[in-house]
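What the coordinates show
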Amino acid sequence: MGAVDLNADLGEGFGIWELGDDAAMLDVVSSANLACGFHAGNPARLAQVCAAAANRAVSIGAQVSYQDLSGFGRRFIDVEPDELTADIIYQIGALQALARAAGTSVRYVKPHGALYNSIVTHQEQARAVARAVHAVDPELPVLGMSGSAFFAEARELGLRTVAEVFADRAYRPDGRLVSRREPGAVLHDSAEIAERIISMVRTGRVIAIDGSSIAADVESICVHGDSPDAVQIAHAVRGRLVGEGIDVSAFV
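A brief report on the enclosed structure follows. (Residues numbered from 1 in each chain as written. Predicted model: local features only at pLDDT ≥ 70, side-chain atom pairs only at ≥ 80, totals over all residues. Heavy atoms only, no water.)

Observations concerning the pairing of strand S2 (residues 31-35)
Along any regular strand the residues' side chains alternate between the sheet's two faces. The element S2 is largely enclosed, with a buried count of 5 among its 5 residues. Taken together, the 4 bridges between strand S1 (residues 3-10) and S2 define a ladder with parallel strand orientation. Note on S2: the bridge partner recorded for Asn7 is Ser31. Strand direction decides the pairing type here: S2 and strand S3 (residues 59-64), joined by 5 bridges, are parallel. Of the residues in S3, the one forming a bridge with Ser31 is Ser59. Between the parallel elements S2 and S3, the chain passes through helix H2 (residues 43-55) in a crossover that is right-handed. (Buried < 20%, exposed > 50% of the residue type's maximum accessible area, 1.4 Å probe, protein only. Helix = DSSP H or I, 4+ residues; strand = E, 2+ residues; numbered from the N terminus. Pairing = 2+ DSSP bridges. Right-handed = clockwise from strand over helix to strand, strands pointing away.)

Encoded structure:
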């Protein structure tokens, strides 16, 4: 593989509450998934992150979610499909305006948290999210999990799909992420994570939590920006990739 994208979830602070080091992460990643106000992020903060991303030529993606500030978007909500579609359109539009004011644009869409996990298998919600993206701009790629219902619905509408893997999360044997409620779900050793990513990129496979090997399409690599050691992990992953002759660059 000649090149791969490195993305992180950023802009997730709210008001006076800081979450993650957005400035430091923007010096490492090639794509930034920015919160849109439904699970985290407020307008003034997001405007600053958009400007910082523009200054560093980092691609901006809209990280859309359920309307769940108190739960950080990590709780499933049984929302009606039409309502979910409207919610996603609203979030993309809000971030688009802030990005344009900063001299850049929203270049892709990535679901967050419980919504991301739900639309791996939840057909109706997957269709609702795909329809929302298509309604806003059929040229917007979607970032997500390979083999998901979301990707199937997106492709049905002609949207470009970009498969990602998670540097700092454990996988189940079925290819889904281990729940954060379970031990070992989140990884912390930056050196081990970097080696794991190189293995994924080179082999197209990831070792699940039970030791089994599962297929993994690697077009983009996610490092969660809200982890205490996120910056160290991101530097380790990028350094290891570059050291192996793999260019780190945005997919769009």
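Re helix H3 (residues 81-101)
End to end, H3 covers 31 Å across 21 residues, agreeing with the expected 30 Å (1.5 Å per residue, within 8%). Among the residues of H3, those classed as buried are Leu84, Thr85, Asp87, Ile88, Gln91, Ile92, Leu95, Gln96 and Ala99. Seen along its axis, H3 keeps its buried residues to an arc of 165°; they face one direction. For H3, the exposed residues lying more than 90 degrees away from the buried face are Asp82, Tyr90, Arg100 and Ala101. Looking at the buried residues of H3, the elements they touch are S2, H2, S3, strand S4 (106-111), helix H4 (113-118) and helix H5 (123-136). The first or second residue beyond H3 is Gly103, which carries a positive phi of 85°. (Expected span 1.5 Å × (residues − 1). Arc of directions from axis to C-beta. Contact = heavy atoms within 4.5 Å.)

So, helix H7 (residues 190-203)
The end-to-end C-alpha distance of H7 is 20 Å, a good match for the 20 Å that 14 residues give at a rise of 1.5 Å each. Here H7 starts with a cap whose side-chain oxygen sits 3.1 Å from the backbone nitrogen of Ala191, and that cap is Asp189. One or two positions beyond H7, positive phi appears at Gly204, with a value near 70°. (Polar contact = N/O pair within 3.5 Å; in protein donor to acceptor, adjacent residues only side chain to side chain.)

So, the state of the cysteines
Scanning the model with the defined rule gives 0 disulfides in all. Of all cysteine sulfurs, the one in Cys50 lies closest to Cys36, which takes part in no disulfide; the gap is 8.9 Å. By relative accessible area, which is 8% here, Cys36 ends up buried. (Disulfide = S-S within 2.5 Å.)

Quick look at the packing of aromatic side chains
Taken as a whole and judged by the stated rule, the model has 5 aromatic pairs. Ring geometry for Phe38 and Tyr90: centres 5.8 Å apart, planes at 40°, overall tilted. Here Phe38, found in the loop between S2 and H2, pairs with Tyr90, found in helix H3; they are 52 residues apart in sequence, far enough to count as distant. (Phe/Tyr/Trp six-rings, centres within 6.5 Å; stacked < 30°, edge-to-face > 60°.)

Regarding the pattern of salt bridges
Considering all chains together, one arrives at 10 salt bridges under this definition. Notably, a salt bridge pairs Asp9 with Lys110, separated by 3.6 Å at the nearest N-O pair. With Asp9 in strand S1 and Lys110 in strand S4, the pair connects residues that are 101 residues apart, well separated along the chain. For Lys110, a relative accessible area of 2% translates into the label buried. A salt bridge links Arg127 to Glu153, with the shortest nitrogen-to-oxygen separation between them at 3.3 Å. Remark: Glu153 occurs in helix H6 (residues 149-156) and Arg127 occurs in helix H5; sequence separation between them is 26 residues. For Arg127, a relative accessible area of 28% translates into the label partly exposed. Accessibility expressed as a relative area gives 11% for Glu153, which makes it buried. (Salt bridge = Lys/Arg side-chain N within 4 Å of Asp/Glu carboxyl O.)

Re the packing of H2 against H3
Taken N-terminus to C-terminus, the directions of H2 and H3 make an angle of 50°; their axes are 8 Å apart at the nearest point. Looking at the two axes, H2 sits oblique to H3. Crossing of H2 over H3 shows right-handed handedness. Residues Pro43, Leu46, Ala47 and Cys50 of H2 form the contact with H3, whose participating residues are Leu95, Leu98 and Ala99. Its residues assigned to classes, the contact of H2 with H3 shows 7 nonpolar, no polar and no charged. (Axes fitted to C-alpha atoms, helices over the stretch in contact; angles between N-to-C directions. Parallel < 35°, antiparallel > 145°, perpendicular 65-115°, else oblique. Left-handed = near helix turned anticlockwise from the far one by under 90°. Nonpolar A, V, L, I, M, F, W, Y, C, P; charged D, E, K, R; others polar.)

Side note on the environment of Arg205
Checked against the element boundaries, Arg205 lands in strand S7 (residues 205-207). Judged by its relative accessible area of 37%, Arg205 falls in the partly exposed class. A sequence separation of 11 residues divides Arg205 from Ala216, and the C-alpha atoms of the two residues are 4.7 Å apart. Excluding anything up to four places from it in sequence, Arg205 contacts Ser199, Met200, Ser213, Ile214, Ala215 and Ala216. Within the structure, Arg205 has its side chain in polar contact with the side chain of Ser213 (distance 2.7 Å).

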